[in-house]
Amino acid sequence: MSSRRLLAAAVLTVAALGLVGCDPNDPKGGSSAAPAAPSATASGAASGTAKPAPAGKSSSAPDGDPGENCTPAKLPAGHKIVQPVQQPKQNTMPAKATKFACDPNDGHWEAVGSPERFVFAPHAKAELAAGSVGYKSVAVGELWNHIGDCLDGGQNVKPPLTCSAFPVYDITQNSSGEITEIKELWHS
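The rules behind each value
- Residues numbered from 1 in each chain as written.
- Predicted model: local features only at pLDDT ≥ 70, side-chain atom pairs only at ≥ 80, totals over all residues.
- Heavy atoms only, no water.
- Core = buried A, V, L, I, M, F, W, Y, C linked by side-chain atoms within 4.5 Å.
- Buried < 20%, exposed > 50% of the residue type's maximum accessible area, 1.4 Å probe, protein only.
- Helix = DSSP H or I, 4+ residues; strand = E, 2+ residues; numbered from the N terminus.
- Contact = heavy atoms within 4.5 Å.
- Pairing = 2+ DSSP bridges.
- Phe/Tyr/Trp six-rings, centres within 6.5 Å; stacked < 30°, edge-to-face > 60°.

*Asks:* Could you give me a rundown of the nonpolar core, with the residues and numbers involved?
*Replies:* Side chains of nonpolar character tend, in soluble globular proteins, to be buried together. Counting 20 residues, the largest nonpolar core has Met93, Phe118, Phe120, Leu143, Ile171, Ile179 and Ile182 as the members making the most contacts within it. For this core, the secondary-structure elements that each account for two or more residues are β3 (92–101), β4 (108–129), α2 (140–151), β6 (168–173) and β7 (179–185). Other than its neighbours up to four places away in sequence, Ile182 contacts Met93, Phe120, Lys125, Ala126, Glu127, Leu143, Tyr169, Asp170 and Ile171. Formed by eight residues, the second largest nonpolar core is a distinct cluster that contains Cys70, Ile81, Cys102 and Trp109.

Here you go:
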């Protein structure tokens, strides 16, 4: 078979799998299923260098693969996926709650409702996505600047960091509701 035909067959197969995986009428659970969340643990490298993302995982959920039926894994207790709407300042981050939506790339989280105010706990840990290849532990102030830069179009973001197509963050909250860990979820 010619390489052109092989390429065409591969593209059609990938397209068909993407469409089948996110079919809302899919009896295996398309996007009409109740939104759940990916299992995402914030485990950063103390050195501040990027570390590889787990192999075979969804780009929208680095530690929780939603699978072919576009249904994400359940979030651990105390975690929430949020989308910032303004650059955080004075320990406060305005953000919206999210719901999981299906797309041909395993799905993504999209903002819903009105913004809420989230407060950072002292010594909160932060991780930013280094594209689809890993994460970088950063100071919370650097995270705040990154969120602001991405909301402003991303021109000031320096590699290996990037701005995600769907700028959402997995936050872990303590019993007082303060953010103790925050991790950017990368999605192309």
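*Asks:* Help me get a handle on the pairing of β3, residues and values and all.
*Replies:* Within β3, seven of the 10 residues are buried, leaving the element largely enclosed by the surrounding structure. Across three bridges, the pairing between strand β2 (residues 79–84) and β3 is antiparallel. The residue of β3 that forms the bridge with Gln83 is Lys96. Pairing analysis gives nine bridges linking β3 to β4, with the strands arranged antiparallel. In the sheet register, Lys99 faces β4, and the bridge partner there is Glu110.

*Asks:* Lay out unusual backbone geometry in plain terms, naming residues and giving numbers.
*Replies:* Here the amide bond leading from Pro159 into Pro160 is cis, since omega sits at 15°, within 30 degrees of zero. The topology assignment puts Pro160 in the loop between α2 and β6. Positive phi, close to 50°, is recorded for Gln90, a residue that is not glycine. With respect to the helices and strands, the residue Gln90 is situated in the loop between β2 and β3. Residue Asn91 is not a glycine yet carries a positive backbone phi of 65°. Residue position: Asn91 is located in the loop between β2 and β3. The partly exposed category is assigned to Asn91, whose relative accessible area is 36%.

*Asks:* Quick one: what's the story with the packing of aromatic side chains, residue by residue and with numbers?
*Replies:* Under the defined criterion, the tally for this structure stands at two aromatic pairs. Ring plane angle 70° and centroid distance 5.0 Å describe the contact between Phe100 and Trp109, whose orientation is recorded as edge-to-face. We classify Phe100 as buried; its relative accessible area is 9%. You can call Trp109 buried: its relative accessible area is 4%.

*Asks:* Run through the side chain of Thr92, naming residues and quoting values.
*Replies:* Within the element layout of this structure, Thr92 appears in strand β3. Relative accessible area serves as the criterion here: at 14%, Thr92 is assigned to the buried category. Those residues in contact with Thr92 that lie beyond four places of it in its chain are Arg117, Phe118, Val119 and Phe120.

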